[in-house]
Amino acid sequence: MNDLATYNFAYLDEQTKRMIRRAILKAIAIPGYQVPFASREMPMPYGWGTGGVQVTASILGPDDVLKVIDQGADDTTNAVSIRAFFQKVANVAVTTKTKEATIIQTRHRIPEEPLRESQTLVYQVPIPEPLRFLEPRETETRKMHALEEYGLMHVKLYEDIARNGHIATTYAYPVKVEGRYVMDPSPTPKFDNPKMHRSEALQLFGAGREKRIYAVPPYTQVVSLDFEDHPFEIQKFDRPCALCCAENVYLDEVVLDDRGGRMFVCSDTDHCEDRRCAGHAGPMLAIEEAAE
Amino acid sequence: MYVAVKGGEAAIQNAHRLLADRRRGDRSLPAITIEQVVQQLGLAVDRVMAEASLYDRSLAALAVRQARGDMIEAIFILRAYRTTLPRFGSSEPIDTARMKIERRISATYKDLPGGQLLGPTFDYTHRLLDPSLLGDGAVAEPARKEPGEAVMRVSDILDSDGLIEGDGTMPEGHVPGDLTREPMEFPMPRDLRLQALARGDEGFLLALAYSTQRGYGRTHPFVGEIRIGEVEVELDVPELGFAVSLGVIRVTECQMVNQFKGSANEPPQFTRGYGLVFGQSERKAMSMSLVDRALRTEEFGEDIVAPAQDQEFVISHADNVQATGFVEHLKLPHYVDFQAELNLVRRMRRDYETARDGEGDMKEAAE
Amino acid sequence: MTAQSQIYAGGFADPEFEAQTVFRTLMDCFARPGTIGRLTALATPPSPLGMATGAVALTLCDHDTPVWLSPALVKSAAPNWIAFHTGGPVIELKDEARFAFVERDGAVPGFDQFALGTAEYPDRSTTLVVEVEALTGGRPFIGRGPGIKDEVVIAPKGLPDLFLDLWAANRALFPRGIDLVLTAEESVLCLPRTTRLSIKG
């Protein structure tokens, strides 16, 4: 009972890594297709990034520099926890700088800084099947993918338009990859969808509880589903980041008081810090610094 | 004034210190030992072993203590440890016919060879809080019978008359599947379904089993036999040419006898539902056997009309570690997605107000 | 070296880390078809299995992956080497193989004889590992598709004459189809089934 704490490099045993690595290679070869894999029980709960953690653990080497974000931020508790896990089991170098990372594990965001060829983005995915909420049965959705039968998805989006005048899906907005598979981009805001299209970086998706791995290779077509008369559009914010003045970035709404006071700040904390270091200052910055 | 939330790391460390403090509780009381948990909370240990699919009483007890008595948390801890263990081989199927029986009951026969043996059961205890357990009073030694001959299975009695279907043989050379090592796929063969049920959540299986009794997929069950006791686990070693014993485990087995099936080619026979669980857990083994039979609906050419008969529904939701993870993940930050929804609701309200004001203007113009 | 010692030698000295670096090169090369990846860890398998080919086998094969070997490899010490170091069962049926290996100058079977996956599970297809004379200096092809920015020129030397037709037929099966790893000496070049090839010039 005293040997409980002897784990392999990056926690997973070699056989498990091989199994996941084979799944990753097939996923790359069939962009957007969900490869079933024998997901392992990890020492963190299902739904908290076990898929992403298994993918990262299988690709990670001693020379990698790892960044982990949740909601775009490096200091959210689950990101901190996953980063600490890899420091402990793989003794890997970690960073909060997007530019310095070779592997970025993410939940719910894609960094604002365009990713490069030398980087791999690993997404944590809760429900990998984009058709799941239209058809709960795996046996059925698998057939629909095989037959490229995506009518149901278009009907759903069209019903949105009929009811609301526009498509009411704001995150986990379905995409079509390389003209073949409809894919769930994970619950990123649709703001991030265009970043997936022809990205320089390899994008890997891990869903631990649902036991699926999928991939988008670099320079691959990723198109958000839409209609000619209702083209896909991303969220727009009518003001820049209150701390760094960035425009065309995704903002978090921060409640300042109980009298309706609000400010909007970058969701990507590294991007925001970078800009502030470079001298960009938003109206709330002075106040924040004074408070520290 | 705005101060950004920082220092997640320190917050986590402090939370864990507080957790350790609460786990230990009042320091003036002696700490509970693993051996005490093994000895005195044995059924909690059994459940953790069963649903973690790992037979190790001490580690299960450690998990129970570490989890402060939260069963699903303890199961989770033990499973995460199990994942890291190397596989040396697969044991031979255990032979429950050779079980050293501690409890054995049948609801289908009044008396039968080997007899009815009540064993350490809560049945027929009156559920009155027992003040004598407030202290550490003397407990009388139980009456013991020397473990005798192997006791025949009730299903074998029916089987010898051809009155019950066979015991589910597998094709020659069939290697039993392993859910924890291979990706799941539906429809799922019975060996894998039984594995999923054996490690499935006791409460979930209990509710499903109950639902079949209330008409949601009725199977007309009788408890052919429940037996609890120790069986030997053996590993075939090709180099030696024979199987060696690895040790003894306690299991609970339930054979449910269900209403018949027959066809033009086969005379009517009872059908079976099977339950087998680590440790002593009759509730789980019985629930498992009811759900196993319900999941065989298609095999018997019956229509799937109830949740307990739907294997994709049952198997996909029976695992409490998966379920608790996903339900509880909702407490993780989702503010990025929420922001997206917030923006949309605001936009829809603007559209609504514009449309309403527009209507008002039109009315005014008309008046 | 005796035949026996050949079988037990030649694996990775440090399997955990060497398998990781070989895998990363393979992953990068599959993600960027046409890129030539130099392996930083190699195997020394018995001839005619090459160093890079051996490293691929050690990295990806195990008990769960039936392996098909070309007739020449079957006759060599390769089956025992693969069995000893990876545990991969060597089988005769091409269409049940998860991995298939062909030595340099060996005849490459038609791709459609291997496992191609099904419409529901296109991932259940063979990854074919073929050793060639060299990864450059042959007839140039232009590659396009996922992972390739605009286009890439590849010119492996020692491919079968009918390679382009075989590959086009494989591409036409998408999303089914085999995936190909070409090896030479210490390097690999990967062609996932998505890559479209045409003659340059």
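Residues numbered from 1 in each chain as written. Chains lettered and ligands numbered in written order. Predicted model: local features only at pLDDT ≥ 70, side-chain atom pairs only at ≥ 80, totals over all residues.

### Some remarks on unusual backbone geometry
Backbone torsion omega between S47 of chain C and P48 of chain C reads 5 degrees, so that peptide bond is classified as cis. Mapped onto the fold, P48 of chain C is located in the loop between β1 (36-38) and α3 (51-60). Residue P175 of chain C is reached from F174 of chain C by a cis peptide bond, and omega for that bond is 10 degrees. Looking at the secondary structure, you find P175 of chain C in the loop between α6 (163-172) and β8 (179-184). At C245 of chain A, a residue that is not glycine, the phi angle is positive and equals roughly 70 degrees. You can see C245 of chain A is positioned in the loop between β10 (222-224) and β11 (251-255). In this structure, E185 of chain C takes a positive phi of about 50 degrees despite not being glycine. (Helix = DSSP H or I, 4+ residues; strand = E, 2+ residues; numbered from the N terminus.)

### Some details on the interface of chain B and chain A
The partner chain A presents 49 residues to the 44 residues of chain B that form the contact. Within the residue set of the side of chain B that touches chain A, elements represented by two or more residues are α1 (8-24), α4 (57-66), α5 (71-83), α11 (320-328) and α12 (335-366) of chain B. A per-element tally of the side of chain B that touches chain A places α12 of chain B first, with eleven residues. Considered class by class, the residues forming the side of chain B that touches chain A number 23 nonpolar, ten polar and eleven charged. (Contact = placed C-beta atoms within 7 Å. Nonpolar A, V, L, I, M, F, W, Y, C, P; charged D, E, K, R; others polar.)

### Side note on the pairing of strand β4 (residues 99-102) of chain C
Residues and elements named next belong to chain C. Of the two faces of β4, the one lined by F99 and F101 and the one lined by A100 and V102 are each fully buried. Pairing between strand β2 (residues 67-69) and β4: three bridges, direction parallel. Along β4, the bridge assignment pairs W68 with A100. (Buried ≥ 20, exposed ≤ 12 C-beta atoms within 10 Å, placed from the backbone. Pairing = 2+ DSSP bridges.)

### Focus: the interface of chain C and chain A
With 29 residues of chain C at the contact, the number on the chain A side is 30 residues. The element contributing the most residues to the side of chain C that touches chain A is helix α2 (residues 15-31) of chain C, with twelve residues. Class assignment of the residues belonging to the side of chain C that touches chain A gives a composition of 15 nonpolar, four polar and ten charged.

### Thoughts on the packing of helix α1 (residues 14-29) of chain A against helix α2 (residues 50-59) of chain A
Relative orientation and spacing of two packed helices are given, respectively, by the angle between their axes and the distance between those axes. Residues and elements named next belong to chain A. At a minimum axis separation of 9 Å, α1 and α2 run at an interaxial angle of 100 degrees. Classified by the angle between their axes, α1 and α2 sit roughly perpendicular to one another. Contacts between α1 and α2 involve K17, I20, R21 and I24 on the former and, on the latter, Q54, V55 and S58. Residues that form the contact of α1 with α2 fall into these classes: three nonpolar, two polar and two charged. (Axes fitted to C-alpha atoms, helices over the stretch in contact; angles between N-to-C directions. Parallel < 35°, antiparallel > 145°, perpendicular 65-115°, else oblique.)

### Structural notes on the sheet that holds β10 of chain A
Residue and element names in this part refer to chain A. Pairing is antiparallel in the open sheet, where three strands are placed in the order β7-β6-β10. One side of each edge strand has no neighbouring strand; the edge strands of this open sheet are β7 (181-183) and β10. Pairwise comparison of adjacent strand axes, ignoring direction, gives a mean angle of 35 degrees for this sheet.

### Section: the domain arrangement of chain B
Residue and element names in this part refer to chain B. Taken domain by domain, chain B consists of domain 1 (11-83) and domain 2 (96-121 + 147-168 + 177-325). One C-alpha centre belongs to domain 1, the other to domain 2; they are set 28 Å apart. The partner domain 2 presents 15 residues to the twelve residues of domain 1 that form the contact. Of all the secondary structure elements, the ones that give two or more residues to the side of domain 1 that touches domain 2 are α3 (42-52) and α5. It is α3 that provides the largest number of residues to the side of domain 1 that touches domain 2, a total of six residues. Here the residues of the side of domain 1 that touches domain 2 sort into seven nonpolar, one polar and four charged. (Domains from an automatic or database assignment.)

### Regarding the pairing of strand β9 (residues 187-191) of chain C
All names here are of chain C. Burial analysis of β9 places four of its five residues in the buried class, which makes it a mostly covered element. Pairing of β8 with β9, which is carried by five bridges, proceeds in the antiparallel orientation. Considered in β9, the bridge of L182 is made with L189. From the end of β8 to the start of β9, which pair antiparallel, there are two residues, and E185 there has a positive phi angle of about 50 degrees.

### Some points on α3 of chain B
Since the α-helix advances by 3.6 residues per turn, residues separated by three or four positions end up pointing in the same direction. All names here are of chain B. Along α3, eight of the eleven residues are buried, which leaves the element largely enclosed by surrounding structure. Listing the buried residues of α3 in full gives V45, D46, R47, V48, M49, A50, E51 and A52. In the stretch just after α3, S53 is the one whose phi turns positive, near 55 degrees.

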